[in-house]
Amino acid sequence: MVKVGSSSLTTAAGGLDADRVDALVDVLAKHRGGGAKEIVLVSSGAIAAGLAPLGLTRRPKDLARQQAAASVGQGLLVARYTASFARYGVRVGQVLLTSDDMARRAHHRNASRTLDQLLAMGAFPIVNENDTVATDEIRFGDNDRLAALVAHLVHADLLVLLSDVDGLYDGDPAKPGTSRIAEVRGPADIAHVKIGSAGKAGVGTGGMVTKVEAASIAAAAGIPVVLTSASYAADALAARDTGTYFHRTGRRSADRLLWLQHASTPQGAITLDDGAVRAVVERRKSLLPAGIASVEGEFSAGDPVELRDESGRAVARGLVNFDAKEIPQLIGRSTRELARDLGPAYEREVVHRDDLVLLPA
């Protein structure tokens, strides 16, 4: 699994750099053709590619113009990849996702099947966030986080995050006296590091901070990560010493739970009484109507919601089984009572434990 950022594919003024795209494709196609395992590419660059054609000098801040730039740039980006991979006789398949596609079970299964089928048929999947239609509520926020989630979705053995910096440094890499951090075995190894945000070019969204966050997400899900520059992509894929290597820190979990914890936007909140907090947090139980103290926000069944204790602290996040307008009539009542008064559809959990993740204290 490989992710490449906008700054590695485009000029500072916007527009694709064909030589950079070709150089990356050379590495990916040769590695794939050399008997290596299958590769999925998460590629930024759609919005950046659309800047120059639309006469924009920098990435716009408003969503409408970002969507317009993505609409123009996505076609240019995929066309460039298609032409470049054609030199190796490889077909390209485009997969555009929103965070909703990782949360809704039907969407999630469809995305998984599409990627699996593209690989089975010998096509090279290129994934990007669907910036043309994604709204603030359903955006991943950056393609680094998307890459971590897709790596989990396709059961990747390794995630390679490519940037314009050759690794994580213990300070500003432009200043003397700083050094590259070769390995990260856990959060404590980089707790002292001040991590920068997006670069001056203005074509990307995240910078090093989102890459480290994505690496932490993937590592916690059992996927090791190499963070390096695009110019060292071949070394990273060949397992040669380059960049910063993030060791696994956890084991694989359900895909929707990874999304729920790291990429979802809660649509409302449910406050739990003390007994329900203990049941959910300490005993890992489902949230039942009897343990609810109050509800706020407007959400529908299947939406992510925050679960809070009575002091307002978020203790968990889950996919709710009822609409917000239904919950007030359920508060404090047993499922047996609800089934008797409202019907068998109400004899169930408000949030099932399989659709719930605990949040750090």
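Here, the structure is the one placed above.
Nothing here was measured: the structure is a model prediction, and the numbers come from that model. (Residues numbered from 1 in each chain as written. Predicted model: local features only at pLDDT ≥ 70, side-chain atom pairs only at ≥ 80, totals over all residues. Heavy atoms only, no water.)

Things to note about helix α3 (residues 63–86)
Helix length check: α3, at 24 residues, gives a terminal C-alpha distance of 34 Å against a target of 34 Å (1.5 Å per residue), a fit within 8%. Considering bend angle alone, the principal kink of α3 is centred on Gly-73 and spans about 30°. All of the buried residues along α3 are Gln-66, Gln-67, Ala-69, Ala-70, Gly-73, Gln-74, Leu-77, Val-78, Tyr-81, Ser-84 and Phe-85. Where α3 is buried, its residues contact β1 (2–4), α1 (18–33), β2 (41–43), α2 (46–51), β3 (92–97) and β4 (124–129). (Helix = DSSP H or I, 4+ residues; strand = E, 2+ residues; numbered from the N terminus. Expected span 1.5 Å × (residues − 1). Bend = angle between axes of the 7 residues up to and from the residue. Buried < 20%, exposed > 50% of the residue type's maximum accessible area, 1.4 Å probe, protein only. Contact = heavy atoms within 4.5 Å.)

Digging into the packing of aromatic side chains
Scanning the entire structure with this criterion turns up 3 aromatic pairs. An aromatic cluster of at least three residues, connected via ring pairs, comprises Tyr-81, Phe-85 and Phe-124. Sitting over the ring of Phe-322, Arg-348 keeps its end group 4.4 Å from the ring centre. (Phe/Tyr/Trp six-rings, centres within 6.5 Å; stacked < 30°, edge-to-face > 60°. Lys NZ or Arg CZ within 6 Å of the ring centre and 35° of its normal.)

Examining the pattern of salt bridges
Side chains that differ in charge, positive against negative, can pair when their charged atoms come close. A complete count under the given rule lists 16 salt bridges for this structure. The partner of Arg-80 in a salt bridge is Asp-22, and the shortest N-O contact between them spans 3.0 Å. Taken together, the residues span a long stretch of sequence, with Arg-80 in helix α3 and Asp-22 in helix α1 at a distance of 58 residues. Relative accessible area serves as the criterion here: at 23%, Arg-80 is assigned to the partly exposed category. One continuous salt-bridge network, built from bridges that share partners, spans Asp-22, Asp-26, Arg-80 and Arg-87. (Salt bridge = Lys/Arg side-chain N within 4 Å of Asp/Glu carboxyl O.)

Concerning the sheet that holds strand β7 (residues 225–229)
The strand order across the open sheet built from 8 strands is β3-β4-β2-β1-β5-β7-β8-β6, with neighbouring strands paired in mixed fashion. A single partner strand is all that each edge strand has here, and the edge strands are β3 and β6 (183–184). Sheet topology places β2 next to β4; 2 bridges connect them, and they run parallel. Note that in β4 the partner of Val-42 across the bridge is Val-127. Where helix α7 (residues 208–220) meets the sheet, it contacts β1, β5 (159–163), β7 and β8 (244–246), and its direction lies at approximately 175° from that of β5. (Pairing = 2+ DSSP bridges. Axes fitted to C-alpha atoms, helices over the stretch in contact; angles between N-to-C directions.)

Let's talk about a positive patch on the surface
There is a patch of like positive charges on the surface, built from Arg-278, Arg-283, Lys-285 and Arg-353. Take Lys-285: it is sitting in the loop between α10 (274–281) and β10 (292–297). (Patch = residues over 30% accessible without salt bridge, like charges linked within 9 Å, V, L, I, M, F, W, Y side chains within 5 Å. Areas by Shrake-Rupley, 256 points an atom, 1.4 Å probe, with all protein chains shown as cover. Lys, Arg positive; Asp, Glu negative; His and termini not counted. Charge placed at Lys NZ, Arg CZ, Asp CG, Glu CD.)

With respect to the layout of surface pockets
In this structure, the second largest pocket occupies an estimated 360 Å³ of space. Surrounding the second largest pocket, 15 residues form its lining, Met-1, Lys-37, Glu-38, Asp-157 and Leu-158 being those nearest its centre. (1 Å grid on protein atoms, 1.4 Å probe; cavity = no way out; pocket = protein on both sides within 12 Å on 5 of 7 lines; lining within 4 Å. Points joined across faces, edges and corners; volume = space filled by probe spheres on them.)

Side note on the sheet that holds strand β9 (residues 268–272)
Read across the open sheet, the 5 strands follow the order β10-β9-β11-β12-β13; overall the sheet is mixed. Unpaired on one side and paired on the other, β10 and β13 (356–358) mark the two borders of the sheet. Put simply, the sheet's adjacent strands are angled 25° from each other on average, direction ignored. Across 3 bridges, the pairing between β9 and strand β11 (residues 304–308) is parallel. Bridging across to β11, Ile-270 finds its partner in Leu-307. Running over the sheet, α10 touches β9, β12 (314–319) and β13 and is turned about 105° from β9.

Remarks on a nonpolar patch on the surface
Among the surface-exposed residues, Leu-54, Val-72 and Leu-76 lie close enough to one another that they form a single nonpolar patch of about 210 Å² accessible area. With respect to the element layout, Val-72 can be found in helix α3. By relative accessible area, which is 32% here, Val-72 ends up partly exposed.

A few points about the nonpolar core
Of all hydrophobic cores here, the largest spans 45 residues; its most connected members are Met-1, Val-127, Val-150, Leu-159 and Leu-168. For this core, the elements supplying multiple residues, two or more each, are β3, α5 (105–120), α6 (143–153), β5, α7, β7 and α9 (255–262). Of all the elements, α6 adds the most residues to this core, at 7 residues. Not counting residues up to four positions away in its chain, the partners in contact with Leu-159 are Met-1, Ala-147, Ala-148, Ala-151, Ala-218, Ile-223, Pro-224, Val-225 and Val-226. Phe-85, Val-226, Ala-233 and Ala-236 belong to the second largest nonpolar core, which has 23 residues in total. (Core = buried A, V, L, I, M, F, W, Y, C linked by side-chain atoms within 4.5 Å.)

Some points on the pairing of β5
Here β5 lies mainly inside the structure; 5 of its 5 residues are buried. Here β5 shows a buried face lined by Leu-159, Leu-161 and Ser-163 and a second buried face lined by Val-160 and Leu-162. Judged from the 3 bridges that link them, β1 and β5 form a sheet pairing that is parallel. Its bridge partner being in β5, Val-4 is matched across the sheet by Leu-162. Two elements, β5 and β7, share 5 bridges in a ladder whose sense is parallel.

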